Amino acid sequence: MTRDDTDVSRRSVLRKGAVTASALAVGSTVASGSAAADSAGKRGGRAQVDGEVDRNRPFTIMPDGTDTRNASCMSAESAMQTYLTYRIQYCDSDDEEDASLYVIPDEAELAPNEVYEIRSVTPCRANDLQKVAFGPSNESCN
């Protein structure tokens, strides 16, 4: 029997197949996710808010530049991070700006034509901001 130097075994074939399949699955998920984010803007996430915070109250956003602040509002000693800044206007408000929303830019900017809602609120420990989770609203601003 001749010895082949390719070192093929059932285990190595299964391992290579699993690695290839998971790489294909991750690649297609990333491609479809980034395409959706690029076309529609990001649909929500986590942020810090300075100003009025009302859970489940629909709001629109307006881009307002960037701001450098601590990456975590839970520790004053966290690294500095650049945040995208948005002005919040609640749908039923007469004010031009009810709050400022600070979002870490990761995949895409938020869509200014989208209506969002704050889902959860946690007070920050290192400053007077609120840490929030937000997402798209089922309501529209009229």
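Asks: Explain the side chain of Glu-114 to me, using residue names and the numbers behind them.
Replies: Its place among the elements puts Glu-114 in the loop between β4 (99-103) and β5 (116-123). A relative accessible area of 15% places Glu-114 in the buried class. Discounting residues that sit within four places of it in the chain, Glu-114 has contacts with Arg-43, Phe-59, Thr-60 and Pro-136.

Asks: Residue-level account of a negative patch on the surface, with values.
Replies: On the surface, Asp-50, Asp-64, Asp-94, Asp-95, Glu-96, Glu-97 and Asp-128 cluster together to form a negatively charged patch. Here Asp-64 is to be found in strand β2 (residues 59-70).

Asks: Report on the environment of Val-53, specifying residues and quantitative values.
Replies: For Val-53, the location among the structural elements is in the loop between β1 (45-51) and β2. For the pair Val-53 and Ile-118, spaced 65 residues apart in the sequence, the C-alpha separation amounts to 7.7 Å. Each residue touching Val-53, except ones within four places of it in the same chain, is listed here: Tyr-90, Ile-118, Val-121, Gln-130 and Val-132.

Asks: Run through the nonpolar core, naming residues and quoting values.
Replies: Generally speaking, a soluble globular protein has its nonpolar side chains buried in company with each other. Judged by nonpolar contacts, the single largest core of 17 residues is most densely connected at Leu-101, Leu-110 and Phe-134. Secondary-structure elements contributing two or more residues to this core are β1, β2, β3 (80-90), β4, β5 and β6 (130-136). The element contributing the most residues to this core is β3, with four residues. If near-sequence neighbours (up to four positions away) are discounted, Leu-101 is found in contact with Ala-47, Gln-48, Val-49, Ile-61, Leu-84, Thr-85, Tyr-86, Ile-88, Leu-110, Val-132 and Phe-134.

Asks: Give a detailed account of the environment of Ala-79, specifying residues and quantitative values.
Replies: Mapped onto the secondary structure, Ala-79 falls in the loop between β2 and β3. Taking the C-alpha atoms as reference points, Ala-79 and Arg-69, ten residues apart in sequence, are found 8.4 Å from one another. Beyond its immediate stretch of four places on either side in the chain, Ala-79 contacts Arg-69, Asn-70 and Ala-71.

Asks: Please give an account of the pairing of β5 that cites residues and values.
Replies: As defined by bridge partners, β5 adjoins β6 across seven bridges and the pair is classed as antiparallel. If you follow Pro-123 over to β6, its bridge partner there is Gln-130. Once β5 ends, the chain turns through six residues before running back antiparallel as β6.

Asks: Tell me about the pattern of salt bridges, and name the residues and values.
Replies: In the structure shown here, the tally under the stated rule is five salt bridges. A salt bridge links Arg-57 to Glu-52, with the shortest nitrogen-to-oxygen separation between them at 2.7 Å. Classification of Glu-52 by relative accessible area gives partly exposed; the value is 35%. One salt-bridge network, in which partners are shared between bridges, spans Glu-52, Asp-54, Arg-57 and Asp-92.

Asks: I'd like to hear about the state of the cysteines, residue by residue, with values.
Replies: Within this structure, the stated rule accounts for two disulfides. Bridging Cys-73 to Cys-124, the disulfide has an S-S length of 2.0 Å. Between Cys-73 and Cys-124 the sulfur-sulfur dihedral comes to about -70°; the bridge is accordingly left-handed. A residue pair is termed long-range when its members are at least 10 positions apart, and Cys-73 in the loop between β2 and β3 and Cys-124 in the loop between β5 and β6 qualify at 51 residues.

About the thresholds
Residues numbered from 1 in each chain as written. Predicted model: local features only at pLDDT ≥ 70, side-chain atom pairs only at ≥ 80, totals over all residues. Heavy atoms only, no water. Helix = DSSP H or I, 4+ residues; strand = E, 2+ residues; numbered from the N terminus. Buried < 20%, exposed > 50% of the residue type's maximum accessible area, 1.4 Å probe, protein only. Contact = heavy atoms within 4.5 Å. Patch = residues over 30% accessible without salt bridge, like charges linked within 9 Å, V, L, I, M, F, W, Y side chains within 5 Å. Areas by Shrake-Rupley, 256 points an atom, 1.4 Å probe, with all protein chains shown as cover. Salt bridge = Lys/Arg side-chain N within 4 Å of Asp/Glu carboxyl O. Lys, Arg positive; Asp, Glu negative; His and termini not counted. Charge placed at Lys NZ, Arg CZ, Asp CG, Glu CD. Core = buried A, V, L, I, M, F, W, Y, C linked by side-chain atoms within 4.5 Å. Pairing = 2+ DSSP bridges. Disulfide = S-S within 2.5 Å.

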